[in-house]
There are 2 protein chains.
Amino acid sequence: MNTMRWLTEDEQAAWRAYLQATTLLEDHLDRQLQRDAGMPHMYYALLSTLSETPGRRMRMTELAERSKITRSRLSHAVTRLEGNGWLRRESCPSDRRGQIVVLTEAGYDEVVRTAPGHVTAVRAAIFDRLSDEQTRQLAEISRIIADGLHGPEGADVPWRR
Amino acid sequence: MNTMRWLTEDEQAAWRAYLQATTLLEDHLDRQLQRDAGMPHMYYALLSTLSETPGRRMRMTELAERSKITRSRLSHAVTRLEGNGWLRRESCPSDRRGQIVVLTEAGYDEVVRTAPGHVTAVRAAIFDRLSDEQTRQLAEISRIIADGLHGPEGADVPWRR
DNA sequence: AGCAACTTCTTGAAGCTTCAATGAAATGCC
DNA sequence: GGCATTTCATTGAAGCTTCAAGAAGTTGCT
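Remember, it's a predicted structure, so these values are computed and weren't measured experimentally.

How would you summarise the overall build of chain A if you had to cite specific residues and measurements?
Summing up its helical and strand segments, chain A has 6 helices and 3 strands in all. Along chain A, from the amino end to the carboxyl end, the secondary structure elements read α-α-β-α-α-β-β-α-α. Its C-alpha atoms give chain A principal-axis dimensions of roughly 60 × 40 × 25 Å. Taking all 161 residues of chain A together, 47% fall into the buried category.

Explain the interface of chain B and chain A residue by residue, including any values.
How big an interface is tends to be expressed through the accessible area that disappears when the partners come together. Counting residues at the interface gives 59 residues for chain B and 58 residues for chain A. Both sides of the chain B and chain A interface together cover about 5,500 Å² of buried area, and 70% of this is carbon and sulfur. If you look at where chain B meets chain A, you find 8 residue pairs in polar contact (both at pLDDT 80 or more). Listed by contribution, the elements that provide at least two residues to the side of chain B that touches chain A are helix 1 (9-37), helix 2 (41-51), helix 3 (60-67), helix 5 (105-127) and helix 6 (132-150) of chain B. Ranked by residues supplied to the side of chain B that touches chain A, first place goes to helix 1 of chain B with 18 residues. Looking at side-chain class alone, the side of chain B that touches chain A contains 28 nonpolar, 15 polar and 16 charged residues.

Let's hear about the sheet that holds strand 1 (residues 57-59) of chain B: which residues, and what values?
Residues and elements named next belong to chain B. Ordered in space as 1-3-2, the 3 strands form an open sheet in which the pairing is antiparallel. In this open sheet, the two edge strands, each paired with only one partner strand, are strand 1 and strand 2 (87-91). With direction set aside, neighbouring strand axes in the sheet form an average angle of 25°. Each of strand 2 and strand 3 (99-103) touches helix 4 (residues 71-83); the most contacted strand, strand 2, lies at about 120° to it.

Could you give an account of the protein's contact with DNA strand D, with specific residues and numbers?
With respect to spatial proximity, 22 residues lie near DNA strand D, and among them Ser-72 and Arg-73 of chain A together with Thr-61, Ser-75 and Arg-89 of chain B are the closest. Each atom of DNA strand D within 4 Å of the protein belongs either to a base or to sugar and phosphate, the latter forming 69%. Arg-73 of chain A places a polar side-chain atom, nitrogen or oxygen, 2.5 Å from a phosphate oxygen of DNA strand D. At 2.3 Å from a phosphate oxygen of DNA strand D is found a side-chain nitrogen or oxygen belonging to Arg-89 of chain B. Listing elements by their share of the surface near DNA strand D, those giving two or more residues are helix 4 (71-83) of chain A together with helix 1, helix 3 and helix 4 of chain B.

Tell me about the packing of aromatic side chains, residues and numbers included.
Residues and elements named next belong to chain A. For the structure shown, the criterion picks out 2 aromatic pairs over all chains. Note on Trp-15 and Tyr-18: the rings are 5.6 Å apart at their centroids and 10° apart in plane angle, and the pair reads as stacked. Taken as a pair, Trp-15 and Tyr-18 lie in helix 1 (residues 9-37) at a separation of 3 residues, close to a single helical turn. Here the guanidinium or amino end of Arg-56 rests over the ring plane of Tyr-108, the centre of that ring lying 3.4 Å away.

Analysis parameters
Residues numbered from 1 in each chain as written. Chains lettered and ligands numbered in written order. Predicted model: local features only at pLDDT ≥ 70, side-chain atom pairs only at ≥ 80, totals over all residues. Heavy atoms only, no water. Helix = DSSP H or I, 4+ residues; strand = E, 2+ residues; numbered from the N terminus. Buried < 20%, exposed > 50% of the residue type's maximum accessible area, 1.4 Å probe, protein only. Contact = heavy atoms within 4.5 Å. Buried area = accessible area lost by both parts, 1.4 Å probe. Polar contact = N/O pair within 3.5 Å; in protein donor to acceptor, adjacent residues only side chain to side chain. Nonpolar A, V, L, I, M, F, W, Y, C, P; charged D, E, K, R; others polar. Pairing = 2+ DSSP bridges. Axes fitted to C-alpha atoms, helices over the stretch in contact; angles between N-to-C directions. Near = heavy atom within 4 Å. Phe/Tyr/Trp six-rings, centres within 6.5 Å; stacked < 30°, edge-to-face > 60°. Lys NZ or Arg CZ within 6 Å of the ring centre and 35° of its normal.

Laid out in structure tokens, this is it:
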């Protein structure tokens, strides 16, 4: 007998729609930010995260974890953004392996300058089209998926990387 | 006065959750398929789409549009997959500019071999965790976002790309 | 203290994506 | 027919991501 569980009609439809939506949205936001800020969306997200953080600084590892990217990817990204003068590395006093990424004044200004355009793009693509109810549904669904893939925020699983 | 509309608390929460979920999921599926099939998720999706198509073949442009990727990206992808022997290019009889991508027997076998593992990964990450109601919500939300970004399946907008 | 095991971060190479430019063919217009 | 415009697909270079390896520092065990 065949013990394999395939996707139902509804699940297939949802999966196709999800793939199309995420592919289009990623592409759309990458283009918007590449045009208006000269960097891909993930790079902008890094600056944005730092801009909301006390001291506008964070340990590499923590920034990588919050952003859900590998340390390696972050390392390359920081090197590039440092070249733009938007970020700076400082060594960590409490742990000499550590590096602290600091958003420069120029980097902060860049976020301030480009945030309105980015928020407008996100609104236009998503939240202006969804009801409040759907916005909450999206949040809940996203949390369920994210939690399944890395444990609910702080569950340290050794088999993960 | 400031006429800019920022995101509400709920919208910010949804956006953060969405970004984390999609980043983690993409990464997870890319790894799963890279390990089990030796290709990234998008490449697998191309083979999978072709496998469900009459004659297991499609025009480049149509495959690119269904997959929501650029022709350029598809061109590179097909070159790579052709190198693996999973795809083959044929010239189009009705339009001599055209190319038709054909899934080879080996390519079809590869999809058959790796589909179960992939479906299991998708189920485990998403549908085993969502209620039927949430699955329908995800489909609806995804459709709304996708439609906003490229017109509802067939609306040909000249200003796009 | 000494040492293995682990963590932090970086690096270079290989692979993937984007962008702009190009060749070739089809289409529309007069 | 002749010519400009548009469409189809490809190409190479530059930029981004992944992967495996490695240097440096910390932690835990005895």
